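# Architecture at a glance
Residues per chain are reported as follows:
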Amino acid sequence: MTEIKIEVTRFNSPLERLYDQNIKVSFIGGEGIVRSSSFEGGTWRYLVEMPQGKEPTFDRAGAETMVLLNERELCAT
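The sections below set out a description of the structure shown in this document. Just so it is clear, the model here is predicted, and its values are computed rather than measured.

## Focus on the nonpolar core
One recurring pattern in soluble globular proteins is that nonpolar side chains are buried together. Listed in full, the nine residues of the largest apolar core are Tyr-19, Val-25, Phe-27, Val-34, Trp-44, Tyr-46, Val-48, Leu-69 and Leu-74. Of the residues forming this core, the biggest block, three residues, is contributed by strand S3 (residues 43-49). Each residue touching Val-34, except ones within four places of it in the same chain, is listed here: Tyr-19, Asp-20, Gln-21, Asn-22, Ile-23, Val-25, Tyr-46, Leu-47 and Val-48.

Below, the structure is given as C-alpha cells:
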C-alpha cells in the first residue's frame, strides 16, 4: 500500500491579511513589528517598524526606522 502525504499550505483571500498589527516579522535585511497594513494593487502592504539602534549624534526624524513592504516579502517570526 502506498502512503500519501498531504502538505497543508495556507492560502489567503485578497481580503484577508496574513499579519495583524503588533506581529513580529522578518524580511531580507532585518526584522520589525507590523504597525499598519493596507490593500493596494492586489496585495497587502505592511508598514513595519524596525528596532532603533544606537542613538545617533543628530536628532531622529521619527520615521527613519519604518519600511513599507509587500506581504510576499515578510515572514512571521
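On we go.
## Observations regarding the side chain of Asn-70
On the secondary structure map, Asn-70 appears in strand S4 (residues 66-70). Relative accessible area serves as the criterion here: at 14%, Asn-70 is assigned to the buried category. Apart from residues no more than four positions distant in its own chain, Asn-70 is found in contact with Thr-43, Trp-44 and Arg-45.

## Considering the environment of Pro-51
Examined against the element boundaries, Pro-51 turns out to sit in the loop between S3 and S4. Once the C-alpha coordinates of Pro-51 and Glu-31 are considered, the two residues, 20 residues apart in sequence, prove to be 7.9 Å apart. Once you skip the residues sitting within four places of it in the chain, Pro-51 turns out to touch Glu-31 and Gly-32.

## Overview of the side chain of Thr-65
When you line up the elements, Thr-65 lands in the loop between S3 and S4. Using a relative accessible area of 10% as the deciding quantity, one classes Thr-65 as buried. Excluding anything up to four places from it in sequence, Thr-65 contacts Val-48, Glu-49, Met-50 and Gln-52.

## Observations regarding the sheet that holds strand S1 (residues 24-27)
Pairing is antiparallel in the open sheet, where five strands are placed in the order S4-S3-S2-S1-S5. Whereas interior strands pair on both sides, the edge strands pair on one side only; in this sheet they are S4 and strand S5 (75-76). As defined by bridge partners, strand S2 (residues 30-40) adjoins S3 across seven bridges and the pair is classed as antiparallel. Counted as the bridge partner of Ser-38 is Arg-45 from S3.

Reading the values: rules and limits
- Residues numbered from 1 in each chain as written.
- Predicted model: local features only at pLDDT ≥ 70, side-chain atom pairs only at ≥ 80, totals over all residues.
- Heavy atoms only, no water.
- Core = buried A, V, L, I, M, F, W, Y, C linked by side-chain atoms within 4.5 Å.
- Buried < 20%, exposed > 50% of the residue type's maximum accessible area, 1.4 Å probe, protein only.
- Helix = DSSP H or I, 4+ residues; strand = E, 2+ residues; numbered from the N terminus.
- Contact = heavy atoms within 4.5 Å.
- Pairing = 2+ DSSP bridges.

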